[in-house]
Amino acid sequence: MPLSVQNRRERQKAELRSELVEAAHKLVQEEGYEGLTIRKLAKRVGYAPMSVYSYFADKQDILFALAEDAFETLARRIEEHPSDDPIEALQAVMTEYAAFGLGNPNEYRTVFMTEKTKPPEGRSYEEMEESNPAMKALISRVEACVAAGKLKGDPRAIATMLWAVGHGTISLLITFPFYPFGDPQAFVKRMCDFTLATLSTQDVPPLTETPVNC
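Residues numbered from 1 in each chain as written. Predicted model: local features only at pLDDT ≥ 70, side-chain atom pairs only at ≥ 80, totals over all residues. Heavy atoms only, no water.

Before going further, it helps to spend a moment on the nonpolar core. Ranked by internal contacts, the top residues of the largest apolar core, which has 56 residues, are L36, L41, I62, L66, L90 and L162. Counting residues per element, the ones that place at least two in this core are α1 (3–31), α2 (38–45), α4 (59–79), α5 (86–103), α6 (105–112), α8 (133–147), α9 (155–175) and α10 (184–199). Sort the elements by how many residues they give to this core and α4 lands first, with ten residues. Two domains share this core, each providing at least three of its residues, namely domain 1 (1–56) and domain 2 (59–200). When neighbours within four sequence positions are excluded, L66 is seen to be in contact with V21, A24, H25, V28, L36 and V111. (Core = buried A, V, L, I, M, F, W, Y, C linked by side-chain atoms within 4.5 Å. Buried < 20%, exposed > 50% of the residue type's maximum accessible area, 1.4 Å probe, protein only. Helix = DSSP H or I, 4+ residues; strand = E, 2+ residues; numbered from the N terminus. Domains from an automatic or database assignment. Contact = heavy atoms within 4.5 Å.)

With 90% of its residues at a pLDDT of 70 or more, the chain has an overall mean of 88. Highest mean pLDDT in the chain belongs to strand β1 (residues 152–153) (97); lowest belongs to helix α7 (residues 125–130) (69). (pLDDT = per-residue confidence, 0-100.)

As a further point, take the environment of A159. Mapped onto the fold, A159 is located in helix α9. According to the relative accessible area criterion, A159 is buried, its value standing at 0%. Through-space distance from the C-alpha of A159 to that of S140 is 9.0 Å; in sequence the pair is 19 residues apart. Those residues in contact with A159 that lie beyond four places of it in its chain are L138, I139 and V142.

A complete count under the given rule lists four salt bridges for this structure. Where R44 meets E30, a salt bridge forms, and the shortest distance between an N and an O atom there is 2.8 Å. One end of the pair, R44, is in helix α2; the other, E30, is in helix α1, with 14 residues separating them in the sequence. Among the residues examined, R44 registers a relative accessible area of 36% and is labelled partly exposed. The closest approach of N and O atoms between K189 and D193, which form a salt bridge, is 2.7 Å. With K189 and D193 both in helix α10 and four residues apart, this pair spans about one turn of that helix. With relative accessibility at 52%, the residue K189 sits in the exposed group. (Salt bridge = Lys/Arg side-chain N within 4 Å of Asp/Glu carboxyl O.)

Further remarks concern the packing of aromatic side chains. All told, the structure shown has eight aromatic pairs when counted by the stated rule. Both rings, one in Y97 and one in Y108, keep their centres 5.8 Å apart while their planes meet at 65°; by these two values the pair is edge-to-face. With Y97 in helix α5 and Y108 in helix α6, this pair connects stretches of sequence that are eleven residues apart. For Y97, a relative accessible area of 6% puts it in the buried group. Overall, Y108 belongs to the buried group, its relative accessible area being 0%. Taking 6.5 Å as the distance between ring centres and 75° as the angle between the ring planes, the aromatic pair formed by Y97 and F112 counts as edge-to-face. Residue Y97 is found in helix α5, and its partner F112 is found in helix α6; the two are separated by 15 residues along the sequence. The pair formed by Y97 and F112 is uniform in burial state, with each residue classed as buried. Among the aromatic residues, those joined into a ring-pair cluster are F71, Y97, F100, Y108 and F112. (Phe/Tyr/Trp six-rings, centres within 6.5 Å; stacked < 30°, edge-to-face > 60°.)

Pasting the structure below:
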């Protein structure tokens with residue numbers, strides 16, 4: 001097959017996959033997790049359901065694709081808020097993460113609060129983490145805080161703990177909207193400030209005995 005023909009087919013395949021991911025985002029935003037089905041997705045883009053299976057083996061594969069796309073969007077939003085102060089730069093990550101989740105509750109619930117039982121076919125966890133620009137941005141800003149003496153310990157462990165606190169806070173705000181948390185963004189900031197203040201008094205060890213390359 002001539003290279004130009006092969007390149008054109010690969011480009012067309014990538015474009016269709018992007019179209020499917022965009023349509024999946026809209027389905028989730030409008031109808032939530034239950035609304036995301038292969039049949040509905042195929043209908044929205046005007047293709048036969050079997051065509052969708054050429055790109056995604058099942059619903060979980062679509063969820064991983066949505067997560068990857070969401071992390072790319074989040075990373076772009078984070079990079080819009082640089083700061084010479086490493087703590088402020090780190091706080092911006094948490095602020096943008098919260099804004100993304102609270103601004104897209106259906107999508108956040110579907111992408112980040114549904115069980116992922118296995119990595120996508122043909123990909124390892126390490127490969128997935130390496131291609132996650134939002135996590136890399138978070139770890140990078142934690143590393144800057146460690147280098148500046150603002151935090152101490154393993155950057156990946158600190159980043160994971162911050163992610164856990166952020167995710168837990170956002171999940172609570174989304175699933176218990178009637179609870180008197182006060183202003184959602186203010187509550188997220190309070191939790192972030194509290195966590196950073198606590199972490200600043202500790203030397204945080206790695207999460208596992210085996211080093212993880214990020």
